[in-house]
Amino acid sequence: MEEVKVAVNGTTYSARNDQTILSLCRDIGIDIPTLCSADCLDTRENCRICVVEVVGKARLVPACSTPIAPGMEIWTHSERVKRARKTVLELLLANHPEDCLICLKNGECEIQDLAKEFGIRERRFVGLKKEQGTDLSSRAIERDPNKCVLCGRCVEICSEKQDVGALDYHHRGFDTIIGPVSGELASSDCVFCGQCVLTCPTGALRERSALKNVWTAISDPGKKVAAVVSPAAKVGLFRAREPQTVDGLLVGALKTLGFDYVFDMSIANRLYLELLALEVKERKAGGGPPVIPAFCPAVMALVEKRYPKLLPFASEVKSPGQIAGILAKRYLEQKEDLSPRDLFVVEIKPCTAAKEEANRTGSAQNGYQPVDGVLTTRELERMFLTSGIKEEKLEMKPFDEPFTNLYPCLGLLETAGGIVQALHEAGCRGELRKAKGLKAFRDIEEFADCDLLEVYACPVGCIGGGGANIHSFTEAKKHRVRLAALSIGEGEKPLEEAEKAYAQIKTDIVSEKSAVFYREKAGVGVRSRS
């Protein structure tokens, strides 16, 4: 690698000879609009929005794939470049739906942002509109092909980054669409991680909203509605405020919305960690296969759909979200004399796969699901918006007893590497390993000699989940820093006091019968627990 001199918009800069024009311009603070390019994806050259002018070349070149050359003279916003970009976008808009005002992505749509940037105020080109039906087969993700601009981001992230390959191009020319081979997401290899939703620039891919059901429950005088908040959900909220105030502000906001109870997931995380450590110990003693935690529902979906031979590896302990739902319903039934049919538990977590998990028939207890609805961080923000909630007007309130934030440090479970770290800190003995993403299952033999293999579907863990309110993976990495600050907690109880409170909760609510905290795995019966 060597440095070369290039001129950008009349100013000379030093650049590495392995850089593209786009990467150089980002480094020096010059914004070049893109559509098919994202900070975590390889170059595709699909959209041509990023074209620039290079002196000496007859045609405009894509900045995302054109390498830097010594002495290159680049113009990023010449009149010729601006006209070309505007025309490309106008052609994309020619057959795009005209429902921006009611589109879920209104105000957050990259096509909308580009139209504003390029000064598009009319439709110069009018083309045929696609009339494909919306795919509502999944309980986690919706797919609207009519809003797809064929940028290819979802295809790349699903195939290259996630190693799932549920989405691909089909047909040719005007009839080209992106979708699953089977035609529907529910019957495809999709694991509902939602990374395609995060990277989609339009409203073509979106989470299946639970807002209607949640609002209905809140408005029902015969229902009591409880929220269970995961640490990862807090990261993207009230970002301008001190981390130690987030819990109080969030509880205050949820109470204002009409939630009767607001619980933290801290106790569920603690119980999950205890049960998982016990399972690792039992497997190791019995000479069983490594434990693949069921913490991430997308990981379990991949195992069941594509790697059924690994089902014996899958942990039998339910995810903390499911455990939290069970604990909440047990407590409210025992202590508040509320029937499960009159309770509606909402898990708040930036995870689209949790929506699918909550609807699994095998997770029901006595005919009732542990979790009745899952709200992503984005959905919760929409609730705040439609209810006129203003951050500066909120009254800080504590979590409802007994499920307070006793263990803020266990927020690390929702970051990649967190399960292994938490187990080590809890004194769990054994060979505990971390895998980098879902590709680990291709080389599972490499991990055959370990006692636990931690796998998260989302690159940086739950904080970068498909329901997070982030716009880039660089932003997701910054969320790790925010989560670490949140993990300090405000007025955190000493460990001895927290453990005492936890022990009392176990005595009052968990009881000796703990089978309800174990999963019914596909093709495998529920293990009997006393």
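Note that the coordinates shown come from a computational prediction; the quantities given were computed from them, not determined experimentally.

Regarding the confidence of the model for the protein chain
Then, number 1: On average, residues of the protein chain carry a pLDDT of 89, and 93% of them reach 70 or more.
Then, number 2: pLDDT under 50 marks residues 522-530. Its contacts with residues more than four places away, or in other chains, come to 16 contacts.

Brief notes about the sheet that holds strand S1 (residues 3-8)
Then, number 1: Sheet architecture is open: five strands sit in the order S2-S1-S5-S3-S4, paired in mixed fashion. With one partner strand each, in any of the chains shown, strand S2 (11-16) and strand S4 (61-62) form the two edges of the open sheet.
Then, number 2: Here two bridges tie strand S3 (residues 51-54) to strand S5 (residues 73-75), and the two strands are oriented antiparallel to one another. Within the sheet, the bridge partner assigned to Val-54 lies in S5 and is Ile-74.

Some details on the packing of aromatic side chains
Then, number 1: In total, this model carries nine aromatic pairs according to the counting rule given.
Then, number 2: Judged by centre distance (6.0 Å) and plane angle (25°), the rings of Tyr-261 and Phe-263 are stacked. Considered together, Tyr-261 and Phe-263 belong to a single accessibility category, that of buried residues.
Then, number 3: Look at Phe-295 and Tyr-456: their rings are 5.9 Å apart centre to centre, the planes differ by 65°, and that puts the pair in the edge-to-face class. Within this pair, whereas Phe-295 is found in the loop between helix H9 (266-286) and helix H10 (297-306), its partner Tyr-456 is found in the loop between strand S15 (452-454) and helix H15 (473-486), the two being separated by 161 residues in sequence. Assigned by exposure class, Phe-295 and Tyr-456 land together as buried.
Then, number 4: The rings of Tyr-261, Phe-263, Tyr-331 and Phe-403 are connected pair by pair, giving a single aromatic cluster.
Then, number 5: Note that Lys-130 overlies the ring of Phe-174, its terminal NZ or CZ placed 6.0 Å from the centroid.

Focus: the sheet that holds strand S12 (residues 343-348)
Backbone hydrogen bonds hold the strands of a sheet together, and the pairing may be parallel or antiparallel.
Then, number 1: Here four strands make up an open sheet; going across it, the order is S11-S10-S12-S13 and the pairing parallel. Bordering the open sheet on either side are strand S11 (261-264) and strand S13 (373-375), each of which pairs with just one other strand. On average, each strand axis in the sheet is tilted by 25° relative to the strand beside it, whichever way the strands run.
Then, number 2: Of the pairings in the sheet, the one linking S12 to S13 comprises three bridges and is parallel in character. Residue pairing across strands places Glu-347 opposite Val-374, the latter belonging to S13.
Then, number 3: Most of the contacts of helix H11 (residues 320-335) go to S12, to which it runs at about 150°, and overall it touches strand S10 (224-229), S11 and S12.

Overview of the environment of Val-420
Then, number 1: Within the element layout of this structure, Val-420 appears in helix H14 (residues 418-425).
Then, number 2: Considering only alpha carbons, one finds Val-420 and Gly-466, 46 residues apart in sequence, at a separation of 23 Å.
Then, number 3: In this structure, Val-420 is in contact with Leu-432, Arg-433, Lys-434, Leu-452 and Glu-454, ignoring residues within four places of it in sequence.

Some thoughts on the packing of H11 against helix H16 (residues 495-510)
Then, number 1: Across the interface, H11 lies against H16 with an axial gap of 10 Å and an inter-helix angle of 70°. Between H11 and H16, the angle falls in the class roughly perpendicular. Residues Leu-327, Arg-330, Tyr-331, Gln-334 and Lys-335 of H11 form the contact with H16, whose own contacting residues are Asp-508, Ile-509 and Val-510.
Then, number 2: Here the residues of the contact of H11 with H16 are counted per class, giving four nonpolar, one polar and three charged.

Here's the deal with the pattern of salt bridges
Then, number 1: In total, this model carries 29 salt bridges according to the counting rule given.
Then, number 2: A salt bridge links Arg-241 to Glu-391, with the nearest nitrogen and oxygen atoms 3.5 Å apart. Here the residue Arg-241 occupies a position in the loop between helix H7 (231-235) and helix H8 (246-257), and Glu-391 occupies one in the loop between helix H13 (377-386) and H14, the gap between them amounting to 150 residues.
Then, number 3: Between Lys-506 and Glu-274 there is a salt bridge, and its shortest N-O distance comes to 2.5 Å.

Brief notes about the packing of H9 against H11
Then, number 1: Running from N to C, H9 and H11 point in directions that differ by 115°, and their axes come no closer than 8 Å. Note on packing geometry: the crossing formed by H9 with H11 is right-handed. When H9 is examined against H11, the residues Ile-267, Ala-268, Asn-269, Leu-271 and Tyr-272 are found in contact with a partner set consisting of Pro-320, Ile-323, Ala-324 and Leu-327.
Then, number 2: Residues of the contact of H9 with H11, tallied by class, amount to eight nonpolar, one polar and no charged.

So, the environment of Leu-60
Then, number 1: Along the polypeptide, Leu-60 turns up in the loop between S3 and S4.
Then, number 2: Given a relative accessible area of 18%, Leu-60 falls into the buried group.
Then, number 3: The sequence separation of Leu-60 and Phe-118 amounts to 58 residues, and the corresponding C-alpha distance is 17 Å.

Examining H8
Then, number 1: For H8, built from 12 residues, the straight-helix expectation of 16 Å at 1.5 Å per residue is met to within 8% by its first-to-last C-alpha distance of 16 Å.
Then, number 2: Burial within H8 is extensive, with 10 of its 12 residues counted as buried.
Then, number 3: Three or more residues of H8 are buried, namely Val-246, Asp-247, Gly-248, Leu-249, Leu-250, Val-251, Gly-252, Ala-253, Leu-254 and Leu-257.
Then, number 4: Looking at the residues trailing H8, positive phi occurs at Gly-258, about 120°.

So, how was this worked out
Residues numbered from 1 in each chain as written. Predicted model: local features only at pLDDT ≥ 70, side-chain atom pairs only at ≥ 80, totals over all residues. Heavy atoms only, no water. pLDDT = per-residue confidence, 0-100. Contact = heavy atoms within 4.5 Å. Pairing = 2+ DSSP bridges. Helix = DSSP H or I, 4+ residues; strand = E, 2+ residues; numbered from the N terminus. Phe/Tyr/Trp six-rings, centres within 6.5 Å; stacked < 30°, edge-to-face > 60°. Buried < 20%, exposed > 50% of the residue type's maximum accessible area, 1.4 Å probe, protein only. Lys NZ or Arg CZ within 6 Å of the ring centre and 35° of its normal. Axes fitted to C-alpha atoms, helices over the stretch in contact; angles between N-to-C directions. Parallel < 35°, antiparallel > 145°, perpendicular 65-115°, else oblique. Nonpolar A, V, L, I, M, F, W, Y, C, P; charged D, E, K, R; others polar. Salt bridge = Lys/Arg side-chain N within 4 Å of Asp/Glu carboxyl O. Left-handed = near helix turned anticlockwise from the far one by under 90°. Expected span 1.5 Å × (residues − 1).

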